[in-house]
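# An overview of the molecular structure
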Amino acid sequence: MSEHTIAGKKVAFLLTDGVEQVELTSPWNAVKEAGGEPTLVAPKSGKLQGYDGTEKGETFDVDLTVGEANAADFHALVIPGGVVNADHLRVDKDAQAFTRAFFEQHKPVASICHGPWLLIDAGVVNGRSLTSYHTLQTDLKNAGADWSDEEVVVDQGLVTSRNPDDLPAFNNKLLEEIAEGEHAGQTA
């Protein structure tokens, strides 16, 4: 059980088919255990296919399409990884706009592994400190980010981690940032 209570806080999880499922289920469960309300947001309705590495895993029910979702209805955003998931999300205009809105509203955003690809296309990484799966470091640096190889990096409400091994630290910081609320420095 986390020392951070986020009772009644609504947290959007933005993903699509190909998500690295532990990067969805681990923070999702951490949010629920701390009293938060997770919502699965995706480009299309129905079910999404999770992956465990390159193997098909579980399927997950979509609660809300990103076209219907409004950042104002949520307290924070989580963007899990998975190569296929992130590669498809990053070119989705609704996903970009939804993500950017959390920054404009100074709300916590947490992204792990390949998730920060979406942050590049949402135009929110310039001048920010973050980490990611190591193969994204050139993309992130080229987009103006200050990239470092650390378990978890927190920059004024933006929480990032590298891979599933970092999930305990990622989840802890995610809950801490949601508990703290809005950051003026968290901005697009």
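Everything that follows concerns the structure shown earlier in this document.
All figures in this text were calculated on a predicted structure; none of them were measured in a lab.

### A short note on the nonpolar core
Judged by nonpolar contacts, the single largest core of 30 residues is most densely connected at Leu14 and Phe98. For this core, the elements supplying multiple residues, two or more each, are strand E1 (10–14), strand E7 (76–79), helix H2 (83–89), helix H3 (93–104) and helix H4 (116–121). Examining the composition of this core, we find that five residues originate from one element, H3, more than from any other. Setting aside its immediate chain neighbours within four residues, Leu14 contacts Val41, Val66, Leu77, Val78, Ile79, Pro80, Leu89, Ala95, Phe98, Thr99 and Leu118.

### Description of the packing of aromatic side chains
Two aromatic rings are characterised by how far apart their centres lie and by the angle between their planes. Applying the stated rule across the entire model yields three aromatic pairs. Their ring planes at 90° and their centres at 6.2 Å tell us that Phe74 and Phe98 sit as a pair that is edge-to-face. Residue Phe74 is located in the loop between strand E6 (64–65) and E7, and its partner Phe98 is located in helix H3; the two are separated by 24 residues in the primary sequence. The residues Phe74 and Phe98 share a single accessibility class, namely buried. Of the aromatic side chains, those joined through ring pairs into one cluster are Phe74, Phe98 and Phe102.

### Regarding H3
Taking 1.5 Å of rise per residue, the 12 residues of H3 would be expected to cover 16 Å, and the 16 Å separating its terminal C-alpha atoms lies within 8% of that figure. Residues of H3 that are buried include every one of Ala95, Gln96, Phe98, Thr99, Ala101, Phe102 and Phe103, and no others. Among the residues of H3, the N-terminal cap falls to Asp92, whose side-chain oxygen and the backbone nitrogen of Asp94 are separated by 3.0 Å.

### So, the pairing of E1
Here E1 lies mainly inside the structure; four of its five residues are buried. Pairing between E1 and strand E3 (residues 37–42): five bridges, direction parallel. Residue pairing in the sheet places Leu14 in a bridge with Val41 of E3. In this structure, E1 lies alongside E7, joined through three bridges in parallel fashion. By the bridge assignment for E7, Val11 is matched with Ala76.

### Some points on unusual backbone geometry
For His106, which is not glycine, the phi torsion reads 60° and is therefore positive. Mapped onto the fold, His106 is located in the loop between H3 and strand E8 (109–112). Since its relative accessible area comes to 28%, His106 is described here as partly exposed.

### Here we look at the sheet that holds E8
Strand order in this open sheet of seven strands is E6-E3-E1-E7-E8-E12-E11, and the pairing throughout is mixed. Each end of this open sheet is capped by a strand with a single partner; those strands are E6 and strand E11 (152–155). Those strands touched by helix H1 (residues 21–33) are E1, E3, E7 and E8, and its axis lies near 150° from that of E3.

### Considering the sheet that holds strand E2 (residues 19–20)
Pairing is mixed in the open sheet, where three strands are placed in the order E2-E4-E5. A single partner strand is all that each edge strand has here, and the edge strands are E2 and strand E5 (55–61). Two elements, E2 and strand E4 (residues 47–52), share two bridges in a ladder whose sense is parallel. For Glu20, the partnering residue across the bridge sits in E4 and is Tyr51.

### Re helix H6 (residues 167–180)
Between its first and last C-alpha atoms H6 spans 20 Å; for 14 residues at 1.5 Å apiece the expected length is 20 Å, and the two agree. For H6, the complete set of buried residues consists of Leu167, Ala169, Phe170, Asn171, Leu174, Leu175, Glu176, Glu177 and Ile178. Looking at the buried positions of H6, the neighbouring elements they touch are E1, H1, E7, E8, E11 and strand E12 (158–161). One or two positions beyond H6, positive phi appears at Gly181, with a value near 90°.

Thresholds, definitions, all that
Residues numbered from 1 in each chain as written. Predicted model: local features only at pLDDT ≥ 70, side-chain atom pairs only at ≥ 80, totals over all residues. Heavy atoms only, no water. Core = buried A, V, L, I, M, F, W, Y, C linked by side-chain atoms within 4.5 Å. Buried < 20%, exposed > 50% of the residue type's maximum accessible area, 1.4 Å probe, protein only. Helix = DSSP H or I, 4+ residues; strand = E, 2+ residues; numbered from the N terminus. Contact = heavy atoms within 4.5 Å. Phe/Tyr/Trp six-rings, centres within 6.5 Å; stacked < 30°, edge-to-face > 60°. Expected span 1.5 Å × (residues − 1). Polar contact = N/O pair within 3.5 Å; in protein donor to acceptor, adjacent residues only side chain to side chain. Pairing = 2+ DSSP bridges. Axes fitted to C-alpha atoms, helices over the stretch in contact; angles between N-to-C directions.

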